[in-house]
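Listed here are the chains, written in short residue letters.
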Amino acid sequence: MSTETIQPRIETSWKNALSAEFNAPYFASLKEFLIEERKKNTVFPPGKQMFAAFDAVKFEDVKVVIMGQDPYHGEGQANGMCFSVTSGTKLPPSLQNIYKEIKADLQVEMGKNGDLTPWAKQGVLLLNATLTVRAASPASHQGKGWEQFTDAAIRLLSEKREGLVFILWGRPAQLKEKLIDTSKHIVLKAAHPSPLSAYNGFFGCKHFSGTNKILIDKGKTPINWQII
């Protein structure tokens, strides 16, 4: 059970871009749900990190979007960015597979640090469809309003920006493609990196080198995907 005060951090450009969502009735209901949930259960990530994905990269600096489903539900794992874990935490299986693909794709060595903040600082928005989860209960906060909120973020990026790379792994992420104007943006799709599906099309997708080629072709700085 957690009684922490929710004081999430979110970068000003995103706070402004999403102001209509923060003021919408559904978001008021979501906030009330989270307040009550935290009174009775442990919720990940900690309240101050709920919007970490939005806090780490400005709206105008986003170059790449990687979509996840919901946060890790184990103690000390979730840090508010999809597939990322708190530094010092053992790499979860999906992230291990992501690192394997990066090593094979780019021929670089990957370390054991699972905090993907360095990607975010280069313009990668690491966005889960649902931003919170009850401890040890995957998908427990789906259908509470988060999906409406994160859909709005994707639509805003699609409408207001050009030439972004959207990386969609697995069917839940790929359902978001309908929100993206593919005449303005590039969508890369593959299987989810979880052990259950990685061998069905994630391994060998070469999305990391592919993304960098797209960025270079558009005159943008490529992402340094190596994490040590």
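So, a few notes on the structure that sits alongside this text. Please read all numbers here as calculations on a predicted model, not as lab measurements.

**A look at the sheet that holds strand E2 (residues 64–68)**
Reasoning step 1: In space, the four strands of this open sheet follow the order E3-E2-E5-E6, with parallel pairing throughout. Of all the strands in the sheet, just strand E3 (124–128) and strand E6 (186–190) have a single pairing partner and so form its edges. Neighbour-to-neighbour, the strand axes of the sheet open up by a mean angle of 20 degrees, direction not taken into account.
Reasoning step 2: Bridge count for strand E5 (residues 165–169) against E6 is five bridges, and the pairing is parallel. Following the sheet pairing, Val165 is matched in E6 by Ile186.
Reasoning step 3: The sheet contacts of helix H7 (residues 146–160) involve E2, E3 and E5, and relative to E3 the element is tilted by about 150 degrees.

**Describing the packing of aromatic side chains**
Reasoning step 1: A complete count under the given rule lists 21 aromatic pairs for this structure.
Reasoning step 2: Residues Phe54 and Phe149 carry aromatic rings whose centres are separated by 5.9 Å and whose planes lie at 85 degrees to one another, so their mutual orientation is edge-to-face. Separated by 95 residues along the polypeptide, Phe54 in helix H4 (residues 52–56) and Phe149 in helix H7 bring together distant segments of the chain. In this structure, Phe54 and Phe149 share a single accessibility class: buried.
Reasoning step 3: Site record: aromatic cluster; members linked through ring pairs are Trp14, Phe22, Tyr26, Phe27, Phe51, Phe54, Phe59, Trp146 and Phe149.

The rules behind these values
Residues numbered from 1 in each chain as written. Predicted model: local features only at pLDDT ≥ 70, side-chain atom pairs only at ≥ 80, totals over all residues. Heavy atoms only, no water. Pairing = 2+ DSSP bridges. Helix = DSSP H or I, 4+ residues; strand = E, 2+ residues; numbered from the N terminus. Axes fitted to C-alpha atoms, helices over the stretch in contact; angles between N-to-C directions. Contact = heavy atoms within 4.5 Å. Phe/Tyr/Trp six-rings, centres within 6.5 Å; stacked < 30°, edge-to-face > 60°. Buried < 20%, exposed > 50% of the residue type's maximum accessible area, 1.4 Å probe, protein only.

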